[in-house]
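Now for the letters of each chain:
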Amino acid sequence: MVPEYLISALVYASLFAMMAMGLTLTYMTTKVPNFAYGDFVTLGIYSAYTATKVYGSNPYVGSVIGFGVGAVASAIMYLGVLRPLARRGSSLVSLMIATFGVDIGFVGLIGIYTDYLQYQVRLIDAPQFYALPDFSLGGYAGVVFVAPISVIAVVMAIYLLLTKTRFGVAMRAAVENPPLARVLGINVDFVYTISWMLAGGFAAYAGGLLTLQLPAGTATGSNLIVEIFSSSVLGGLTSIFGAAVGGLVIGASEILITLDLGLGFGYAGAIIIAAIFGLGGALLVRRGTKWGARLVGAIFAILGVWIIVDMVAGFPVDFLSPELVNGFGPNVSPFQQAIPLLIMVITLMVIPRGIFSINVRRLLGREKK
Amino acid sequence: MALPELIFFGIDWVSFSIDFLEFYALYLAISLSLNLEFGYTGVPNFGKVLFIAGGAALGGILSGQLAARILGIGANEDYIAFSARIINSVNTQIVNDPLLAAGLLAFSLVIAALIGGALGFLASYPAIRLREDYLGMLLLGMAQFFDVVLRVLTQSQPISVPDPFYYWSTQGSGVETLVDMVVMVVFAIAVYFFIEKVVRSPLGRTLRAVRDNEDASAALGKDNAKIRRNVLIVASALAAMAGALYSFYAGSFEYDTWTRFAWTFWPFLIVIIGGAGNDSGVAVGTFFFTLIYKGLQQEQPALQPYIFFNANWLQDLLLAALLLAILFLRPEGIVRERSSYTLRKGTLGTIVRESGVEEGGAGAKGPGFFGRLMSRFRRKSESQPAKETG
């Protein structure tokens, strides 16, 4: 039996990978971060809920229907709001505000729909419900297989689409250089619309699958926006496959690090963390160009040394190190969003172009600056 | 002494106008600070709620704890769990001690400003050098996370806040809300004139330069990231002070109140309605928004029996539609942004007379009369070296 936490990390990672790929697709085409993206996830959640509770089908059918619902909503948003605004010459910030407004509108619509379910259809758990029933295969929940397989299928499909088909090549051209693509006779608007539809579809499909694993509700999609943005930023915002990797990293680390912080890393884990703190801090002190960076580096280095010293001395002072070894307890779980946020912060400060921009050869010292 | 009542059409207009003005002044102060960031400098602060709620929560809680410590109340009790009881006995002591009340008010405002500024610096630090979209995403994420922090910190229950104006609550019903309202209005007016002063100065033109053309302002020796950072710090401090004042009005800090709808979306909507980069526009926009919002609030109970869903959703939908409609139909808002302020005609005349240049004596070569005049003025009034106009 594979431990429970690894399974939930796998599912989480797969779902975030799918959501981040969608967000990156919209960002690549229109260059606007879509603040309404979380609502597409919520649309998928309620597609799954409706299919299961109202029509007595199952959440998988609901997720596939959700793909359609999300795609249509996304297309309406793009064709009805963003494209006309961009054609009027709105600035980037105006477009961001517009997506924020669309977000509020979607929240209103979803609220009306859940009230309809609650008061007219008499489903009292509509605003906030427990995980939906899943089939089981070999002792595992079905979503454990479906979510990773869906991600692999989507990544392969996108890879084949972008490299082997005329439409995919047109898509890449339209993203890289829209005016030139237009000159070559590519229907850029059509390509962008399809990208937006795929993006909304991915989000809603992932949201539908999410209901099999976690309790969900009207606010779930909006709350996930931190993880989705972090995944996309880690992926570099302009690479679909980077977004997939970013989603996997964020999803897995959020589950596993939170769990470890709660239960403790043990002595070996604490030593590794101390080493990361110490070495990272020392590097910052040596390489930092600003006194602020050096100060932060010094604090990290001192913390790293402190953890080791305190551990060797047998915890005479109750600060940080005994908790690292034995765990902070269940109090950390509400703060689990700190981990994606922290990854986003580190990404923005160290590798703002994303995970694929790391030059491995230079990092290993094979290539000089 | 109770406030008089003035009832027409089933509405008590005295309490309605106090309520209206309180809301107006609160949102005017917040929207003006957003306008300083977004309207003048182009910093998209999509995490506005973070700074306002931070000021309200920490300013309120810390000043409450300080007062309890000074008065020796509830030293052995969990402040968060028993805040209502502790604050109640703090308030009864405040009545007899105007000095303590004034001190508490000043302390919580200063604490709120410091915390707001610190949060503004920290929350934006990683992305302040990057493009607006990265900064917007980061601030939105930070606000979302801070929401969780506040929920855990307050244990999802209302935290009572000491009330420096408690004396007036013993003077008759409704008097205290009147005092709260007056303080808020004074604060909003102060913010208005402060920001107006900033944007009319050379610094104001620098902010617009950072917004409109980063490359140009960098070429003229301005550190864009530093300017954006400082603007975020100042605006966040102002917003946090507004939040602290609001928590006195509300009487407690309730986690549920601090949604990104009410404290991020509405200020953006107000600035868009009124016109970005324009303080008088924001004042007008806040007025229209307050009218719309209070009108919707007034009509909700009448509408509710006819619809099966909560009327609040309809309000969200209408406000979102309003935002999009303005972005489509009149993106510059009600009041257009004016170009940078220049000298008045009278002042120009004085300079001309003092400088001894003959009026209308524009030479055939070199900069014209007006150009020479302006370069003179620039050299006189600005601390930075003047750039050549010729």
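As the structure is a prediction and not an experimental result, all values here were calculated from the model. (Residues numbered from 1 in each chain as written. Chains lettered and ligands numbered in written order. Predicted model: local features only at pLDDT ≥ 70, side-chain atom pairs only at ≥ 80, totals over all residues.)

## Focus: the overall build of chain B
In terms of regular secondary structure, chain B is built from 15 helices and four strands. Burial analysis of chain B (390 residues in total) assigns 41% to the buried set. Contacts spanning at least 24 positions in sequence make up 75% of the contacts within chain B whose residues lie at least 6 apart. (Helix = DSSP H or I, 4+ residues; strand = E, 2+ residues; numbered from the N terminus. Buried ≥ 20, exposed ≤ 12 C-beta atoms within 10 Å, placed from the backbone. Contact = placed C-beta atoms within 7 Å.)

## What about the overall build of chain A?
Across its full length, chain A carries 16 helices and four strands. In terms of overall size, chain A behaves like a compact globule, its C-alpha atoms giving a radius of gyration of 23 Å where 369 residues would be expected to give roughly 21 Å. The dimensions of chain A, computed from C-alpha atoms along their principal axes, are 65 × 55 × 40 Å. For chain A, with 369 residues in total, the buried portion stands at 45%. Once local pairs closer than 6 in sequence are excluded, the contacts in chain A between residues at least 24 apart make up 73%. (Rg over C-alpha atoms; globule rule 2.2 N^0.38 Å.)

## Details of unusual backbone geometry
Of note in this structure, Arg122 of chain A is not a glycine but carries a positive phi near 65°. Structurally, Arg122 of chain A is set in the loop between helix 4 (92-120) and strand 1 (128-129).

## A closer look at helix 3 (residues 83-94) of chain B
Residue and element names in this part refer to chain B. Taking 1.5 Å per residue as the helical rise, helix 3 with its twelve residues ought to reach 16 Å, and the 16 Å between its terminal C-alpha atoms agrees with that figure. Within helix 3 the residues assigned to the buried category are Ser83, Ile86, Ile87, Val90, Asn91 and Ile94. For helix 3, the buried positions fall inside an angular range of 135° around the axis, keeping them on one side. At its buried positions, helix 3 is contacted by helix 2 (48-71), helix 4 (98-124), strand 3 (159-160) and helix 6 (166-169). (Expected span 1.5 Å × (residues − 1). Arc of directions from axis to C-beta.)

## A look at the packing of helix 7 (residues 175-200) of chain B against helix 8 (residues 202-212) of chain B
Describing two packed helices takes the angle between their axes plus the distance from one axis to the other. Residue and element names in this part refer to chain B. Where helix 7 meets helix 8, the axes come as close as 4 Å, and the angle between the chain directions of the two elements is 75°. With respect to each other, helix 7 and helix 8 are oriented roughly perpendicular. Contacts between helix 7 and helix 8 pair Val198, Val199 and Arg200 from the former with Leu203, Gly204 and Leu207 from the latter. Of the residues belonging to the contact of helix 7 with helix 8, the class tally is four nonpolar, one polar and one charged. (Axes fitted to C-alpha atoms, helices over the stretch in contact; angles between N-to-C directions. Parallel < 35°, antiparallel > 145°, perpendicular 65-115°, else oblique. Nonpolar A, V, L, I, M, F, W, Y, C, P; charged D, E, K, R; others polar.)

## A few points about helix 11 (residues 240-263) of chain A
An ideal rise of 1.5 Å per residue puts 34 Å on 24 residues; helix 11 of chain A measures up with 35 Å between its terminal C-alpha atoms. Once helix 11 of chain A ends, the next one or two residues include Gly264 of chain A, with phi positive near 100°.

## Considerations on the domain arrangement of chain A
Structurally, chain A comprises domain 1 (4-261) and domain 2 (265-326). Computed over C-alpha atoms only, the centres of domain 1 of chain A and domain 2 of chain A are separated by 38 Å. (Domains from an automatic or database assignment.)

## Overview of the interface of chain B and chain A
Note: interface size is frequently given as the accessible area lost on complex formation between the parts. In this complex, chain B contributes 38 residues to the contact, which on the side of chain A involves 42 residues. Of all elements in the fold, only helix 5 (132-154), helix 11 (260-274) and helix 13 (311-329) of chain B reach the threshold of two or more residues within the side of chain B that touches chain A. Tallying contributions element by element places helix 5 of chain B first for the side of chain B that touches chain A, with 13 residues. Tallied by class, the residues present in the side of chain B that touches chain A amount to 30 nonpolar, five polar and three charged.

## Describing the packing of helix 2 of chain B against helix 3 of chain B
Residue and element names in this part refer to chain B. Closest axis-to-axis distance for the helix 2/helix 3 pair is 10 Å, and the angle between their directions is 65°. In the packing of helix 2 onto helix 3, the handedness of the crossing is left-handed. In this structure, helix 2 contributes Gly64, Ala67, Ala68 and Leu71 to the contact, and helix 3 contributes Ser83, Ile86, Ile87, Val90 and Gln93. Of the residues belonging to the contact of helix 2 with helix 3, the class tally is six nonpolar, three polar and no charged. (Left-handed = near helix turned anticlockwise from the far one by under 90°.)

## A short note on the nonpolar core
Counting residues in each nonpolar core, the largest one holds 202 residues, and the members touching the most others are Met19 of chain A together with Ala29 and Ala242 of chain B. If we ignore the near neighbours within four places in the chain, the residues touching Ala29 of chain B are Phe187, Ala188, Val191, Leu238 and Ala242 of chain B. (Core = buried A, V, L, I, M, F, W, Y, C linked by C-beta atoms within 7 Å.)

## Topic: the environment of Val191 of chain B
Within the element layout of this structure, Val191 of chain B appears in helix 7. A residue is classified by how many C-beta atoms lie within 10 Å of it, and Val191 of chain B, with 24 of them, is buried.

## Here we look at the confidence of the model for chain B
All names here are of chain B. Summary statistics for chain B give a mean pLDDT of 84 and a share of 87% for residues scoring 70 or more. When the criterion is pLDDT under 50, residues 360-365 qualifies, and its contacts beyond four places in sequence or with other chains add up to three contacts. Below a pLDDT of 50 lies the segment residues 382-390, which in the model reaches eleven contacts outside its immediate sequence neighbourhood of four places, other chains included. Quick note on the complex model: pTM equals 0.88, ipTM equals 0.90. (pLDDT = per-residue confidence, 0-100.)

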